[in-house]
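Topology and contacts: notes
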Amino acid sequence: MITRHRLRWRIQHWLENRVPGLLTCAEFQQTLDDYIDGALGRAGRMIVDIHLKTCPTCRRYMSAYRKVRDIAPRALDTDETKALGEIPEDLVLAIIMARKAQPDA
Ligand SMILES: [Zn+2]
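Counting starts from 1 at the beginning of each chain's written sequence and moves along it residue by residue. For a predicted model such as this one, the threshold for reporting local features is a pLDDT of at least 70, and the threshold for listing and counting side-chain atom pairs is 80 or more; totals across whole chains, interfaces and linings nevertheless cover every residue.

On to the overall build of the protein chain, then. Within the protein chain one finds six helices and zero strands. The C-alpha atoms of the protein chain give 24 Å as radius of gyration, which overshoots the globular expectation for 105 residues (13 Å, by more than 25%). Residue burial is a threshold on neighbouring C-beta atoms within 10 Å of the residue's own C-beta, all placed from the backbone, with 20 or more meaning buried, 12 or fewer meaning exposed, and counts in between meaning partly exposed. Buried positions account for 6% of the 105 residues belonging to the protein chain. Contacts are defined on C-beta atoms placed from the backbone: any two residues whose C-beta positions lie within 7 Å are in contact. For the protein chain, the share of sequence-separated contacts (at least 6 apart) that also reach a separation of at least 24 residues comes to 44%. The helix count covers DSSP runs of H or I at least four residues long, the strand count covers runs of E at least two residues long, and both are numbered beginning at the N terminus. The size measure is the radius of gyration over C-alpha atoms, and the globule rule it meets is 2.2 Å times the number of residues to the 0.38 power.

Turning our eyes to something else, we now look at the nonpolar core. Counting residues in each nonpolar core, the largest one holds five residues, listed as Leu23, Phe28, Val48, Cys55 and Cys58. If sequence neighbours within four positions are ignored, leucine 23 has contacts with Glu16, Phe28, Ile47, Val48 and His51. Only buried residues count toward a nonpolar core: Ala, Val, Leu, Ile, Met, Phe, Trp, Tyr and Cys, linked into one set through C-beta atoms within 7 Å.

A pair of packed helices is characterised by two quantities: the angle between their axes and the separation of those axes. Only the stretch in contact is used when fitting a helix axis, every axis being a line fitted to C-alpha atoms; angles between N-to-C directions are given from 0 to 180 degrees. Close contact between helix α2 (residues 25-37) and helix α4 (residues 56-76) brings their axes to 11 Å; oriented N to C, the two are set at 40°. In terms of their interaxial angle, α2 and α4 are classed as oblique. Taken as a pair, α2 and α4 cross one another with a handedness that is right-handed. For the pair α2 and α4, contact is made by Cys25, Phe28, Leu32 and Ile36 and by Thr57, Cys58, Met62, Tyr65, Arg66 and Arg69, respectively. When the residues that make up the contact of α2 with α4 are grouped by side-chain class, the tally is seven nonpolar, one polar and two charged. Throughout, the term roughly parallel applies to angles under 35 degrees, roughly antiparallel to angles over 145, roughly perpendicular to angles from 65 to 115, and oblique to all others. Definitions for this section: a left-handed crossing has its near helix turned counterclockwise from the far helix by less than a right angle. A right-handed crossing has that turn clockwise. Side-chain classes follow a simple rule in which Ala, Val, Leu, Ile, Met, Phe, Trp, Tyr, Cys and Pro form the nonpolar group, Asp, Glu, Lys and Arg form the charged group, and the remainder, Gly included, forms the polar group.

Further remarks concern the packing of α2 against helix α3 (residues 42-54). Packing of α2 against α3 leaves a shortest axis separation of 11 Å and a crossing angle of 125°. By the angle between their axes, α2 is oblique relative to α3. Along this stretch, α2 crosses α3, giving a crossing that reads as left-handed. Listed contacts from α3 to Phe28, Thr31 and Tyr35 of α2 are Gly44, Arg45, Val48 and His51.

A separate point is the confidence of the model for the protein chain. The predictor's confidence in any single residue is recorded as pLDDT, a number from 0 to 100. Confidence in the prediction of the protein chain, expressed as mean pLDDT, is 85, and 92% of residues score 70 or more. Ranking the elements of the protein chain by mean pLDDT puts helix α5 (residues 80-85) last with 69 and α2 first with 94.

What follows is the structure in structure tokens.
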């Protein structure tokens, strides 16, 4: 038995593939960066907005994607040299000794 949610999803994707001007989910994902950055024109933005109104999957995707875009630059700001300096030397030596003890090392 098909659920209401599944039926809605099938109808939506059937329409997206046949009605000119509607985005598929894959096309939506390709335009997402430009949409978030405000780089789309008025018509492009409207087309994405229509997709967002009709596709809960892409709404969730965009929400998660925005969070990743916000977090990722901060993760790369970590000073690796400083972090390496905080590793106890006896731990580093223990790892080196353990690797040397392995026959394939
Ligand atoms: Zn979608």
